[in-house]
Amino acid sequence: MSYLGCVDLFKIGIGPSSSHTVGPMRAARRFLVELATSEFERVTKVEVELFGSLAHTGKGHATDTAIILGLNGQVPEDVDTANVGNFIAGITKTGRLTLLGKHEVSFSPLPHIRFNLRDLLPVHSNGMMFRAYEGGSLLAERAMYSIGGGFVVDDDEAFVGTPRGDEHTVPYPFNTMKLLLATCTTQKLSMAQVLWANEDALRPRTDTNAFLDRVAQTMFDCIDRGVATEGRLPGGLDVPRRAHGIHQKLLAESGSLFDDASSSRREHGEALSRSGHVPSARRAPEAQDRSTQQANRRVMPHQVMDWVSVYAIAVNEENAAGGRVVTAPTNGAAGVVPAVLRYARDFCGADQAKIRDYFLVASAIGALCKMNASISGAEVGCQGEVGSAAAMAAAGLASVLGASNEQIENAAEIALEHHLGMTCDPIGGLVQIPCIERNAMGAIKAISATSLAMRGDGTHHVTLDQAIETMRRTGADMQTKYKETSLGGLALAAVEC
């Protein structure tokens, strides 16, 4: 069976969408890279036709911009996000595009990128047809599909069910949570230990650590940029960025206690300990009670959740603005995993080792959602995006907090179960309303799911595998207008009101 690990599930890239921005950028570049050299050198024109969800919401998701960047040879993880606007303006002005950075052709975005609102390609709603010409003669034609999370397949890969090169050999392969739990039991290992053994079989531990540390830092940097940036989001809805204002209010209400953007981890831990949020065994009970009472007057429990919300909002505002984010497992749901990770670090004391475990356990849940259902909003609705992200974050947090394997599975199941049926219906085709707030709610649900699971012993009626299968069937039953086409649901609210 194919294996999807942490490197597959977490991709550093550009907003606002993994399926509509990151995937098309990769697909456009891949189309040209995989042309025969003799064909590439003869290309005088490239045309791209977008179908399904890509056609309906591609403008709002910057799909056309992403395709131009990909044709130019740029990749999501390295693209200069600050210069994208100037680059596209230059292409539009000159009518010239340098394919893969080395072969210039005539190119104009409007006639050369077509949004086909009528037809669908057979494999997936996010279909693209790339065509290369020499003069008026067709040199090459290829259909590709952006299947969510930045993953791209062509017709052949869709038939076999996995992209080329993704057949990894690991000691403990799994395609269900039942199998993963059974492996943990027979090997007498924690879930994180099993997943580390798999990752170690693919690359040196130092390489995995470096990748995970880069992902974590990118997430933290994204949060910090988001809470520091004011203004309004692009796209026409004139949505104000709220993370900065909320963050400032929280700082004012809480003083330096939760000034995570500027305090060191040591200072933060000491402040939490003094406040009573991290009880110390060395304090006398009566002193501890007084300290806790004082802290409760300063910070109500729901205010901690406000911090989680602002972390998620900050990330998704950065995503909506086309900034640098981590696909986790999609861009539309990019705020959930970082928000819960920041909570784990700043409020639960997760160290570097625990943060790495968090990512591995979270990626296993994301892999199961992708393999057995979908993480694509265009395929199963937002249950596949924010629902999967919440399940990933809940499992990761449970691992950080020392939960048993069964409790980890239960946490993921609770988080996913209570996102079942969620539609993907962005207003104006933009990843803004309701997407930004939806990430905040997903992060809070993930933390609540972890807490509930750890109050029990892991025993429950509905398994994660059953919840994932339900998500798949629900997505299949869901009408197309509720699956990232902006043709139904909240997407019509602004029009109807």
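It should be emphasised that the depicted structure is a prediction, and the values quoted were computed from it without experimental measurement.

So, about the sheet that holds strand 5 (residues 113-115). Strand order in this open sheet of 5 strands is 5-2-6-7-8, and the pairing throughout is mixed. The open sheet has two free edges, formed respectively by strand 5 and strand 8 (152-154), since each of these has just one partner strand. Ignoring strand direction, the axes of neighbouring strands in this sheet form an average angle of 25°. As judged from the 3 bridges shared by strand 7 (residues 137-146) and strand 8, these two strands associate in the antiparallel manner. Bridge pairing in strand 8 places methionine 144 opposite aspartate 154. Across the sheet, helix 2 (residues 18-33) touches strand 2 (45-50), strand 6 (127-134), strand 7 and strand 8, and the angle it forms with strand 7 is around 145°.

Let's shift gears to the packing of helix 16 (residues 336-346) against helix 17 (residues 352-372). Direction vectors running N to C along helix 16 and helix 17 enclose 150°, while the axes themselves pass 11 Å from each other. By the angle class used here, helix 16 and helix 17 are roughly antiparallel. Considering how the two elements wind past one another, helix 16 and helix 17 form a crossing that is right-handed. Residue-level contacts link Val337, Val340, Leu341 and Arg345 of helix 16 to Ile355, Tyr358 and Phe359 of helix 17. Among the residues making up the contact of helix 16 with helix 17, the classes are represented as 6 nonpolar, no polar and 1 charged.

We now examine the pattern of salt bridges. Note on pairing: side chains with opposite charge can pair once their charged atoms come close. Applying the stated criterion across every chain, the model contains 27 salt bridges. A salt bridge links arginine 30 to glutamate 157; the nearest nitrogen and oxygen atoms lie 2.6 Å apart. A residue pair is termed long-range when its members are at least 10 positions apart, and arginine 30 in helix 2 and glutamate 157 in helix 8 (residues 155-160) qualify at 127 residues. Glutamate 157 carries the same exposure label as arginine 30, and that label is buried.

Moving on: the packing of aromatic side chains. This model, assessed by the stated rule, comprises 6 aromatic pairs. Here phenylalanine 10 and phenylalanine 359 contribute two aromatic rings whose centre-to-centre distance is 5.2 Å and whose plane-to-plane angle is 70°, an arrangement assigned as edge-to-face. Separated by 349 residues along the polypeptide, phenylalanine 10 in the loop between helix 1 (6-9) and strand 1 (11-14) and phenylalanine 359 in helix 17 bring together distant segments of the chain. The burial state of phenylalanine 10 is the same as that of phenylalanine 359; both residues are buried. For the ring pair phenylalanine 31 and phenylalanine 130, a centre distance of 5.4 Å and an interplane angle of 20° mean the geometry is stacked.

Let us look at the side chain of serine 363. Positionally, serine 363 belongs in helix 17. Every residue in contact with serine 363, bar those within four places of it in the chain, is listed here: Gly5, Cys6, Leu9, Phe10 and Met392.

So, about the packing of helix 19 (residues 386-400) against helix 21 (residues 435-454). Relative to each other, helix 19 and helix 21 sit at 40°, their axes nearing to 8 Å. Between helix 19 and helix 21, the angle is such that the two are oblique. At the point where helix 19 passes helix 21, the crossing takes the right-handed sense. Across from Val386, Ala390, Ala393, Ala394, Leu397 and Ala398 in helix 19, the residues of helix 21 making contact are Arg438, Asn439, Gly442, Ala446, Ile447, Ala449, Thr450 and Met454. Of the residues that constitute the contact of helix 19 with helix 21, the class distribution is 10 nonpolar, 3 polar and 1 charged.

The next point concerns the side chain of threonine 327. Mapped onto the elements of the fold, threonine 327 is located in strand 9 (residues 324-327). In this structure the side chain of threonine 327 is engaged in a polar contact, spanning 2.6 Å, whose partner is the side chain of asparagine 331. Excluding anything up to four places from it in sequence, threonine 327 contacts Leu9, Phe10, Lys11, Ser18, Val22 and Gly149.

The omega torsion across glycine 15 and proline 16 is 10°, close enough to zero to call that bond cis. Here proline 16 shows up in the loop between strand 1 and helix 2. For alanine 62, which is not glycine, the phi dihedral falls at a positive 60°. Counting through the fold element by element, alanine 62 comes out in the loop between helix 4 (52-57) and helix 5 (63-71). Taking the relative accessible area as the measure of exposure, alanine 62 reaches 21% and is therefore partly exposed.

What counts and how
- Residue indices follow the written sequence of each chain, beginning from 1 at its first position.
- In keeping with the predicted nature of the model, local features appear solely for residues at pLDDT of at least 70, side-chain atom pairs appear and are counted solely at 80 or more, and the whole-chain, interface and lining totals rest on all residues.
- The basis for every side-chain value is the complete set of heavy atoms in the structure, and neither hydrogens nor water enter the calculation.
- Here, strands pair whenever DSSP counts at least two bridges between them.
- Only DSSP runs of H or I reaching four residues or more are called helices, and only runs of E reaching two or more are called strands; each is numbered from the N terminus.
- In this analysis, axes come from line fits to C-alpha atoms, helices being fitted only over the stretch in contact, and the angle between any two N-to-C directions falls in the range 0 to 180 degrees.
- Any pair of residues with heavy atoms lying within 4.5 Å of one another is described as a contacting pair.
- These descriptions rest on fixed angle ranges, namely under 35 degrees for roughly parallel, over 145 for roughly antiparallel, 65 to 115 for roughly perpendicular, and the rest for oblique.
- Working rule for handedness: look at the near helix, and if it is turned counterclockwise from the far one by less than a right angle, call the crossing left-handed; if clockwise, right-handed.
- Think of it as three bins: nonpolar holds Ala, Val, Leu, Ile, Met, Phe, Trp, Tyr, Cys and Pro, charged holds Asp, Glu, Lys and Arg, and polar takes everything else, Gly as well.
- Any carboxyl oxygen of Asp or Glu that lies within 4 Å of a side-chain nitrogen of Lys or Arg is treated as forming a salt bridge with it.
- Accessibility here uses a 1.4 Å probe with only protein chains present; expressed as a share of the type maximum, an area under 20% marks a residue as buried, one over 50% as exposed, and anything in between as partly exposed.
- For this analysis, a ring pair means two rings from Phe, Tyr or Trp (six-membered ring only for Trp) whose centres lie within 6.5 Å, classed as stacked if their planes differ by under 30 degrees, edge-to-face if by over 60, and tilted for the remaining angles.
- Under the rule applied, a polar contact is a pair of N or O atoms within 3.5 Å (in protein, one hydrogen donor and one hydrogen acceptor; residues adjacent in sequence only if both atoms are side-chain atoms).

Take it as geometry only, folks, not as evidence of what the structure does.
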